[in-house]
Amino acid sequence: MRSVARTLRPTISIKSIVHSAKTLQDSLPGNPDSESHCFQILATLCCTRISKNNMSEDRVPKQTPNPASAFPLSRNVRSALHLLRKCQRWDHETEAELHKLGFPLTYEFIRLVLINLHENVNMALKFFVWTEQWHGQVHFLPLYQTMVEILVKANNFEDLLWEMLENSNLFNTAVMLLIECYVFMRCPVKAFEELKRIKNSGFNRPPQNAYNVLFTSLVREVFLSEAKEIYTEMLVDGMKPSVFALDSLLIALCDHRKAEDAAIMLEDMEIQGFFPSSTCCAVLIRELCRGMQGDRAYCIVSGILKRKCRKTRSLNICVYAFCKAGQLEKAEMLMEESLNWGYVLDTVTYNSLIAGFCWTGRVEESRLILDRIMEAGCVPDVISYNTVIAGYSKKGMLSHLLNIFNEMMLNGISPDVCSYNCVIHGFSKVGKLEEANKFLQDMMAKDLVPCATTYNIILNGLCKSGKASDALKLFRKLKGLHFSPKIETYNILIDGLCKAGKLDDSHRILKEAGELGYVPTLITYTTVMTCCFRSGKLEQGLQVFSEMKSKGYVGDAFIYCTVISGLSKLGKFQEACACIGHMLIRGIVFDLVIYNSILNTFCKAGELERTFHLLYDMESRGWIGDVYTNTILINGLCKAGDMDTAYRHFTAMIRKGCVPNLVTYNALIAGFCKVGKVDIAIDLFKMMEEKDRITYTSLLHGLCKAGRVLNAYNLLLSCLKSHISVCDSAIGLVHAMLCNSRNYREVRQLKYVIQMTKILQE
C-alpha cells in the first residue's frame, strides 16, 4: 500500500549533466520536423539525469567478508574440556570437580564446551543437563539447538533420551530434546508419534514448550490435521498454545484453501480467549471473500476488532484486506462502525479505500474520497493523490489526471517520482510522447531523478507506438551514460522488437542480457517463442522452447498449446502428443479451451484419428464439447471430404441441444458444395438465421460448379440488391458462366445491377 518509489538524489554535477545532454543531442541525426524528433527530445531529457546510483545491484560484485579467524579457546573452556575428557563416566565426582573449577556458567562457555565435546555425545548430554539444573531454569533456545545438532549426528539419540525419561528430574529436558531432534530432522510427524508414545507410557504430562515447538513445526511442514489434533490436546490438558503458533495454523489453513476450517477454529479460539493477529485476519478476509463469504468475514473480523485493543493499525490492515478483495461496501461499513468502538481513522485508512475504488475501476468515486479525508480532519498525502493519478492513468482519463495532478500541487503537496511516473505512463500509453516528454522535463527541473521504472515506461511507450527502433537507440544511449537496465527493461525491448517483426534484433538483445549475467524470465522466453511461431519460424520457436525447458522453467497451458500447434504444422505429431503427455505429467489442468485449441490444431493438420482419440480422452475426463468443439470437428471432417460423418455429427449436435453457429453452417455448406451435393447445401442455407459473405460465396461457387448457372445468377442478384457483400471471385465466376452459356440478357442485367450498386455505394 505504501510501496512508493523513493526519490533518488543526483550524484552528477549540473555541468556534467548539461554536457552529457548536448553530447547526446548532437549525436542524434535527423530533422527536428521529422518523425524521430520526439525520440530525440526524450533521449536528451532521459539521459541527462541518470545517476550513477542507478546502477543495478544485480551486476555490482558483492564483497564477501573475510572469514573470522578461529579464536583460541579460553583457559576456562580448555580446563573444563580436559576434565570431562579424562572422566570415564559422569558421576558425583565429576560434578564436584566442575564445582571446584568455579567457572561462571555463561551461555558462551556452555556452548563452546558442547561444540568441542561433540565426539562424546553422552558426556555432552550429561554436561548440558547438569548446567541446566545448576542454573535452575531452562536453557535458552540456541543452547538447545546446539545440543540437538550434536545428538542428531549420533545414531542412538533416541535411546539416550528415552533413558533420561525414566528420571523424573530430567523428564522435561529429555522430552524437549527428543521433540527438537525430530523437528531439526524435519520429521514432525515422527515427533508427534513419539509424544503420543510418551503419554501412553504412563509418564508425566509433557511440558507446554514441547507442545508449542511441535505445533509450530507441524504447521510449518503443512501437516495441518496433526496440528489441529495437538491444538485440541493442549486445550483438553489446560495448556495455551502460543499466539504465533495459532496464527501460523490459521494462515496455513487459508493458504491451502481451507478457509471454512480456519473460520470455525477462529470462533473456537475466541471462546478460549485467543485473538489472532491483524495479518491473520487479513488472510482470512481474503480467503472467505474469495469463497463468496464476505458477510461471514465481516462478522468475524468486526467481532475481533470490537474486543481487541483500539489500534488504528489493526483496523487499517483489515480495511485494506476488504478493499483488496473488492468488498468496498464491507470496508466502508467497518470504518463507520469502528468509530463507535473507539478507533481513530487516519490518512492510511482512507488511502486503502481510495486504492480499493481504483482497483475496481471506480476512479471517479476514489476522487471523492480525497474530500472525505479532509472532512474527517485528516490531510491527504502524496500516496493519496498518487493512487488516484494511477487510476486515471490506467483508464486513459488524461484530462482528469491533469486536474488531480494540479490540485495536488495547489494543496501544497509536491509530486514525487511515482507521481510523475504515473503521468508519463498515462500519456505514453496513448502514444502522446511529446506530452510525456514535457512532464519528464518538469520532473527533472524539480531536481527529481528518474528511476529505472521511468525509463521502462518511456521505452515501453516508444515500443507501443510502433517505434521499436527508436526505443533500441535510446536504450543504447542510456547504457552509454551509466544506466544499468534490469531484466524487465530487456523484456520490454524484446517484446517491442518481436511485435515489430525484428526477430534478429530481439535475439541479439536476449543474448546480450544472458552475457551480462541476467537470467531470462519465463516472460522473456514466452515473448520470443510466440513471435517466432507467429512469423512462421517454427524451428526457431521450438529451439527457444527447448532452451526454456533446459533452464528449468515450466510452461503454462498457453505455451504448450502454442508449441503443439507449431509441431503439428511441421508434421511432428509424435512430438505434439509427447507435449500433451508432458502437460498431464506437470499437472497442467486441461479445460475445454485447451482441448479445443489442441483439437483445432490436429484438425487443421488433417490428423482426424488423433483428433477423435483426444475427443474420447476429453469426454472420459467429464468434459462435454461445446459449439466450438463440434464446429472444429465438423470443419475437419468437411476438409477431409467425409461429409456423411460431418452431417451425422451435425444432427447429433442439434439433438444434444447445442445450437450450431455461423462457422458450423459455413463449413458444411462449403463441404457439400465441394463434393457436388448442392441440394443439401441449399437446405442448410435455408436453415440459417444469419449469413455472411462466406456463406453466399461458397453457395455461388457450388451452384456454378453444378452447372446451375441461373440459380447462381438469381442468388447473386438478390445479394447485390440487398447490399450483401460477395467476393469478387464469385461475381466473376457467375459472369463467366453466363457468358459461356450465352445468357446475354442476364449478363447485361448483372452488369447494370453491379454498376448501380457501385453508384449507390459512392
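Everything below is about the structure printed above this text.
Residues numbered from 1 in each chain as written. Predicted model: local features only at pLDDT ≥ 70, side-chain atom pairs only at ≥ 80, totals over all residues. Heavy atoms only, no water.

Trainee: How should I be thinking about the overall build of the protein chain in this particular structure?
Mentor: Counting secondary structure elements, the protein chain contains 42 helices and zero strands. The contacts of the protein chain with a sequence gap of at least 6 include a subset with a gap of at least 24, amounting to 64%. Accessible area for the protein chain stands at about 38700 Å²; split by element, carbon and sulfur atoms hold 53% of it. (Helix = DSSP H or I, 4+ residues; strand = E, 2+ residues; numbered from the N terminus. Contact = heavy atoms within 4.5 Å. Areas by Shrake-Rupley, 256 points an atom, 1.4 Å probe, with all protein chains shown as cover.)

Trainee: So what exactly am I meant to see when it comes to the environment of G466 here?
Mentor: Within the secondary structure layout, G466 lies in the loop between α25 (452-464) and α26 (468-480). In this structure G466 comes out as exposed when scored by relative accessible area, which is 66%. Residues G466 and A500 lie 34 residues apart in sequence; the distance between their C-alpha atoms is 7.0 Å. (Buried < 20%, exposed > 50% of the residue type's maximum accessible area, 1.4 Å probe, protein only.)

Trainee: How do you make sense of α26 when you look at a structure like this?
Mentor: Quick reminder: α-helices carry 3.6 residues per turn. Residues three or four places apart thus point the same way. For α26, built from 13 residues, the straight-helix expectation of 18 Å at 1.5 Å per residue is met to within 8% by its first-to-last C-alpha distance of 19 Å. Residues of α26 that are buried include every one of A468, D470, A471, L472, L474, F475 and L478, and no others. Of the residues trailing α26, H482 is marked for its positive phi of about 70°. (Expected span 1.5 Å × (residues − 1).)

Trainee: Sorry, what's going on with the pattern of salt bridges here?
Mentor: Two side chains of opposite charge can pair, provided their charged atoms sit close to one another. If you walk through the whole model with that rule in mind, you get 31 salt bridges. Where R111 meets E108, a salt bridge forms, and the shortest distance between an N and an O atom there is 2.7 Å. One end of the pair, R111, and the other, E108, are both in helix α5 (residues 107-116), three residues apart, so they sit about a helical turn from each other. Classification of E108 by relative accessible area gives partly exposed; the value is 36%. In this structure, D505 engages R508 in a salt bridge whose closest nitrogen and oxygen atoms are separated by 2.2 Å. With D505 and R508 both in helix α28 (residues 503-515), this residue pair falls three residues apart, about one helical turn. Via salt bridges that share partners, D255, R257, R286, E287 and R290 belong to a single interconnected network. (Salt bridge = Lys/Arg side-chain N within 4 Å of Asp/Glu carboxyl O.)

Trainee: Would you take a moment to explain the packing of aromatic side chains for this structure?
Mentor: Two descriptors summarise a pair of aromatic rings, namely the distance from one centre to the other and the angle between the planes of the rings. Under the defined criterion, the tally for this structure stands at 20 aromatic pairs. Through pairs of rings, three or more aromatic residues link up here, namely W90, F127, W130 and W134. Directly above the ring of F685 sits K691, whose terminal nitrogen or CZ lies 4.9 Å from the centroid. (Phe/Tyr/Trp six-rings, centres within 6.5 Å; stacked < 30°, edge-to-face > 60°. Lys NZ or Arg CZ within 6 Å of the ring centre and 35° of its normal.)

Trainee: It is not clear to me how the nonpolar core should be interpreted in this structure. Could you clarify?
Mentor: Soluble globular proteins: nonpolar side chains tend toward being buried together. Membership of the largest hydrophobic core comes to 244 residues, with the highest contact counts inside it found for F127 and L151. Top contributing element to this core by residue count: helix α9 (residues 171-184), with 10 residues. In this structure, F127 is in contact with L84, W90, L98, F109, I110, V113 and L114, ignoring residues within four places of it in sequence. (Core = buried A, V, L, I, M, F, W, Y, C linked by side-chain atoms within 4.5 Å.)

Trainee: Can you walk me through the state of the cysteines in this structure?
Mentor: Enumeration according to the criterion identifies zero disulfides in this entry. You can see C422 has no disulfide; the closest cysteine sulfur is in C418, sitting 4.4 Å from it. For the unlinked cysteine C498, the closest cysteine sulfur is that of C531, found at 3.9 Å. Given the relative accessible area of 5%, C498 is considered buried. (Disulfide = S-S within 2.5 Å.)

Trainee: Help me out: how do you make sense of the environment of G517 in this one?
Mentor: For G517, the location among the structural elements is in the loop between α28 and α29 (522-534). Taking C-alpha positions, G517 is 9.9 Å from I487, a pair spaced 30 residues apart along the chain.

Trainee: Explain the packing of helix α23 (residues 417-429) against α25 here, please?
Mentor: Two numbers describe a pair of packed helices, the interaxial angle and the distance between the axes. Two elements in contact, α23 and α25, have axes whose closest approach is 9 Å; the angle formed by their N-to-C orientations is 5°. One finds that α23 runs roughly parallel with respect to α25. Of α25, the residues touching α23 (which contributes V417, N421, I424, H425 and S428) are T453, T454, I457, I458 and G461. Grouping the constituent residues of the contact of α23 with α25 by class yields four nonpolar, six polar and no charged. (Axes fitted to C-alpha atoms, helices over the stretch in contact; angles between N-to-C directions. Parallel < 35°, antiparallel > 145°, perpendicular 65-115°, else oblique. Nonpolar A, V, L, I, M, F, W, Y, C, P; charged D, E, K, R; others polar.)

Trainee: Looking at this structure, how should I read unusual backbone geometry?
Mentor: Backbone geometry follows two general trends: most residues other than glycine have a negative phi, and most peptide bonds adopt the trans configuration. With a phi angle near 60°, R257 is a residue other than glycine that sits in the positive phi range. Checked against the element boundaries, R257 lands in the loop between α13 (243-255) and α14 (259-271). You will see that M292, though not glycine, has its phi angle at about 60°, which is positive. Looking at the secondary structure, you find M292 in the loop between α15 (278-290) and α16 (294-307).

Trainee: Could you clarify how one ought to interpret the environment of Y392 in this entry?
Mentor: Relative to the assigned elements, Y392 resides in helix α21 (residues 382-395). Linking Y392 and L402, residues 10 residues apart in sequence, is a C-alpha distance of 9.2 Å. The residues touching Y392, leaving out its near neighbours within four places in the chain, are V363, E364, R367, M397, H400, L401 and I404.

Trainee: Would you mind showing me how to read the packing of helix α34 (residues 608-620) against helix α35 (residues 627-639) here?
Mentor: Orientation of α34 relative to α35, taken along the N-to-C sense of each, is 160°, at an axis distance of 11 Å. Classified by the angle between their axes, α34 and α35 sit roughly antiparallel to one another. Our pair here, α34 against α35, has a crossing hand that is left-handed. Only T629, L633, G636 and L637 of α35 make contact with α34, whose side of the interface consists of L608, T611, F612, L615 and M618. (Left-handed = near helix turned anticlockwise from the far one by under 90°.)

Trainee: Just checking my understanding: could you explain the side chain of S314 for this structure?
Mentor: Along the chain, S314 falls in helix α17 (residues 312-324). With residues up to four places along the chain from it excluded, the contact list for S314 reads S278, L305 and K308.

Trainee: What is the right way to look at helix α37 (residues 662-674) in this model?
Mentor: With 13 residues, α37 extends 18 Å between its outermost C-alpha atoms, agreeing within 8% with the 18 Å of an ideal straight helix rising 1.5 Å per residue. Three or more residues of α37 are buried, namely T664, Y665, N666, A667, L668, I669, G671, F672 and C673. A side-chain oxygen of the first residue of α37 lies 3.2 Å from the backbone nitrogen of V663; this N-cap is N661. Positive phi appears at G676, one or two residues downstream of α37, with a value of about 85°. (Polar contact = N/O pair within 3.5 Å; in protein donor to acceptor, adjacent residues only side chain to side chain.)

Trainee: Please explain the side chain of T146 as it appears in this structure.
Mentor: With respect to the element layout, T146 can be found in helix α7 (residues 141-153). Relative accessible area serves as the criterion here: at 14%, T146 is assigned to the buried category. Discounting residues that sit within four places of it in the chain, T146 has contacts with R111, L114 and I115.

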